[in-house]
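What follows is each chain in one-letter form.
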Amino acid sequence: MLKDSPVDPRGPRFSAWMTTVILAIVLLTGWWRLLAAQTVLFAMCAFISLKLNPWGHVYRYAIQPRLTPTTEREEAAPLRFAQGVGFVFALIGTLGYATGLTTLGMVATGFALVAALLNAALGLCLGCEMYLVLRRYVPALARPQ
Amino acid sequence: MTGVWALVGALAVAGALAVLLKVREGRISRRPAAVDLPAPVRDLLAPGVTLVQLSTTFCAPCRHAKVILRDLADRTDGLTHAELDITNLPDVAASLGVMRTPTTLALTADGTEVLRVGGVPKRDSLLEALRPHLP
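As the structure is a prediction and not an experimental result, all values here were calculated from the model. (Residues numbered from 1 in each chain as written. Chains lettered and ligands numbered in written order. Predicted model: local features only at pLDDT ≥ 70, side-chain atom pairs only at ≥ 80, totals over all residues. Heavy atoms only, no water.)

**Things to note about the interface of chain B and chain A**
Inference 1: The interface is formed by 31 residues belonging to chain B together with 28 residues belonging to chain A.
Inference 2: Between chain B and chain A, a total of about 2,700 Å² is buried, with carbon and sulfur atoms accounting for 70% of that surface.
Inference 3: For the chain B face of the interface with chain A, the top three residues by lost area are F58, N88 and M99 of chain B, together amounting to 26%.
Inference 4: At the junction of chain B with chain A, the criterion picks out zero salt bridges.
Inference 5: The element best represented in the side of chain B that touches chain A is helix α1 (residues 2-24) of chain B, accounting for 13 residues. (Contact = heavy atoms within 4.5 Å. Buried area = accessible area lost by both parts, 1.4 Å probe. Salt bridge = Lys/Arg side-chain N within 4 Å of Asp/Glu carboxyl O. Helix = DSSP H or I, 4+ residues; strand = E, 2+ residues; numbered from the N terminus.)

**Some remarks on the UniProt feature "domain: DUF4395" (unreviewed entry) in chain A**
Inference 1: The positions that UniProt labels "domain: DUF4395" (unreviewed entry) are, in the present scheme, residues 7-136 of chain A.
Inference 2: End C-alpha to end C-alpha, residues 7-136 of chain A measures 29 Å, and it is 77% helix and 0% strand. (UniProt positions renumbered as here; feature names shortened; annotations may be inferred.)

**As for the pattern of salt bridges**
Residues and elements named next belong to chain A.
Inference 1: One pass over the full model with this rule turns up eight salt bridges over all chains.
Inference 2: Linking R10 and D8 is a salt bridge whose minimum nitrogen-to-oxygen distance equals 3.1 Å.
Inference 3: With a relative accessible area of 7%, D8 lands in the buried category.
Inference 4: Salt bridges sharing partners connect three or more residues here, namely D4, K51 and R80. (Buried < 20%, exposed > 50% of the residue type's maximum accessible area, 1.4 Å probe, protein only.)

What follows is the structure, given as structure tokens:
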């Protein structure tokens, strides 16, 4: 796992908008292969590096040059954690759709969409704020000292 | 058609959560029962009132809370700010009944909890609430 350096916080917000759109398309069409692709993307960002996120590159090359520069930086750890939470929901959603458990697929995708939209619109990372609760029920989240 | 309703439902839930979280953000509360403070928190107590900010590695707004609280403590006599990373101290969170970060506890030198704030504190209302406990 690579260690990412802090990032311009507007990049992840843009990325969250794109994720919201993708998840909305999945809900509307039930196109599980698209959700599977999003699941892989979540996994790459969470477990390897945020640099693998194509929306980050779109932001850096197409959007950032048009914006006023900012010195504000956001730590990578919360962002990676959020991608991990997204990965879990997207994986459950993909398995649900692919195996015919459409309701499960929709509910899991819906949860992921709610989290992505709150992140995009308000900059709020639901998974990060709820880390303590998640950790209480998922001991595997414990990080080695 | 079900997909459309699922999307509408998800948007409604997101809207409701956004309103709920905005309302609760920075809200000051007081807990009636006193608890035995865990040692890592007790070790941070200073004379006057100490704002003990509980954070985790995964908490983006903790940084904003730290800026506000540190500035408030620097400008206020008898007020100290201390941050405790509880990423690997779930027992501390559980014993204090803390479910989210940042949560800030205002504690007197003897460990009495004056109030607590969930989320990023609002500077003015926090100072107002702390006034009676400051020298």
